[in-house]
Amino acid sequence: MDRNEAAAALASVGKTQGRLAEVSEWPLWRHALFGLAEAVFIFGLSLTLFGTIAGLVVAAALTVWIFNDDKRRYGRVVSGWQGMKPKILLVALIAFVLSMAYLSWSARGQPIPAPGAVLAALATFAVCTLASLWWQHLYRAELREGAIG
């Protein structure tokens, strides 16, 4: 491969990443469904053992449904672990969700629904939905810049 062929190959990769960035936009309901799955899990932690297991099962089922729908609609599933800025956001989101999990878990034994658990679930829904939208923005920007590959 000579210098011109290598440059043409790199240009082709750049064009492909640009096209991938253009089609990597998911609808708002998909981001909200992610937020809902996280919120159901968080709220479930405040319930009895059966409620916790039910919350985990519902959250897992929603997640599997999201993955399968992405695969069917877009032909691919994009993990959250892509690019540098999206990874940083994901780590921050994990820390937030863990703190909400602790808050919800500490509400166990209180009358159901415990106000702390409800607030934790609502905050989780809002933050996870917004973070998913922000993640998409960062992911698309890094694809356009060629930072993911």
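See the structure above.
First things first, this report covers the structure right here in the doc. Please read all numbers here as calculations on a predicted model, not as lab measurements.

This part covers the packing of aromatic side chains. For any pair of aromatic rings, the description rests on two quantities: the centre-to-centre distance and the angle between the ring planes. Within this structure, the stated rule accounts for two aromatic pairs. Ring geometry for tryptophan 29 versus tryptophan 65: centroids 5.9 Å apart, planes at 55 degrees, classification tilted. In this pair, tryptophan 29 sits in helix α2 (residues 28–44) while tryptophan 65 sits in helix α3 (residues 49–74), placing the two residues 36 residues apart along the sequence. According to the relative accessible area criterion, tryptophan 29 is partly exposed, its value standing at 37%. The exposure class of tryptophan 65 is partly exposed, given its relative accessible area of 42%. Each ring, one from tryptophan 135 and one from tyrosine 139, has its centre 4.8 Å from the other, and the planes form 15 degrees; the classification is stacked. One end of the pair, tryptophan 135, and the other, tyrosine 139, are both in helix α5 (residues 115–145), four residues apart, so they sit about a helical turn from each other. Using a relative accessible area of 12% as the deciding quantity, one classes tryptophan 135 as buried. The exposure class of tyrosine 139 is buried, given its relative accessible area of 4%. Just above the ring of tryptophan 105 sits the side chain of arginine 108; from NZ or CZ to the centre is 4.2 Å.

Turning our eyes to something else, we now look at a nonpolar patch on the surface. Where nonpolar side chains cluster on the molecular surface, the patch consists of Leu49, Ile53 and Val57 and spans about 300 Å² of accessible area. Note on placement: valine 57 falls in helix α3. Given a relative accessible area of 52%, valine 57 falls into the exposed group.

Below, the discussion takes up the nonpolar core. Judged by nonpolar contacts, the single largest core of 16 residues is most densely connected at Ile42, Trp135 and Tyr139. The greatest single-element share of this core, amounting to seven residues, is contributed by α5.

With that settled, the discussion passes to α2. In an α-helix, one turn spans 3.6 residues; hence positions three or four apart end up facing the same way. Under the 1.5 Å per step criterion, the end-to-end length of α2 is 24 Å for 17 residues, consistent within 8% with the ideal 24 Å. Looking at α2, one finds that the buried residues are Arg30, His31, Leu33, Gly35, Ala37, Ala39, Ile42 and Gly44. Of the surrounding secondary structure, the elements contacted by the buried residues of α2 are α3, α4 (84–106) and α5.

Quick look at the packing of α2 against α5 now. The N-to-C vectors of α2 and α5 enclose an angle of 145 degrees; their axes lie 8 Å apart at closest approach. Considering only the axes of α2 and α5, their crossing is right-handed. Touching Leu28, His31, Ala32, Phe34, Gly35, Leu36, Glu38, Ala39, Ile42 and Phe43 of α2 are Ala117, Val118, Ala120, Ala121, Thr124, Phe125, Cys128, Thr129, Ser132, Leu133 and Gln136, all from α5. Here the contact of α2 with α5 is composed, by residue class, of 14 nonpolar, six polar and one charged.

Between the first and last C-alpha of α5 there are 44 Å, a value that for 31 residues agrees with the 45 Å anticipated at 1.5 Å per step. Positive backbone phi, approximately 80 degrees, marks glycine 146, located one or two places after α5.

Moving on, we get to the environment of leucine 49. Counting through the fold element by element, leucine 49 comes out in helix α3. For leucine 49, a relative accessible area of 61% corresponds to the exposed category. Between the C-alpha atom of leucine 49 and that of arginine 108, which follows or precedes it by 59 residues, the distance is 9.9 Å.

So, how was this worked out
Residues numbered from 1 in each chain as written. Predicted model: local features only at pLDDT ≥ 70, side-chain atom pairs only at ≥ 80, totals over all residues. Heavy atoms only, no water. Phe/Tyr/Trp six-rings, centres within 6.5 Å; stacked < 30°, edge-to-face > 60°. Helix = DSSP H or I, 4+ residues; strand = E, 2+ residues; numbered from the N terminus. Buried < 20%, exposed > 50% of the residue type's maximum accessible area, 1.4 Å probe, protein only. Lys NZ or Arg CZ within 6 Å of the ring centre and 35° of its normal. Patch = residues over 30% accessible without salt bridge, like charges linked within 9 Å, V, L, I, M, F, W, Y side chains within 5 Å. Areas by Shrake-Rupley, 256 points an atom, 1.4 Å probe, with all protein chains shown as cover. Salt bridge = Lys/Arg side-chain N within 4 Å of Asp/Glu carboxyl O. Core = buried A, V, L, I, M, F, W, Y, C linked by side-chain atoms within 4.5 Å. Expected span 1.5 Å × (residues − 1). Contact = heavy atoms within 4.5 Å. Axes fitted to C-alpha atoms, helices over the stretch in contact; angles between N-to-C directions. Left-handed = near helix turned anticlockwise from the far one by under 90°. Nonpolar A, V, L, I, M, F, W, Y, C, P; charged D, E, K, R; others polar.

By themselves these figures say nothing about function.
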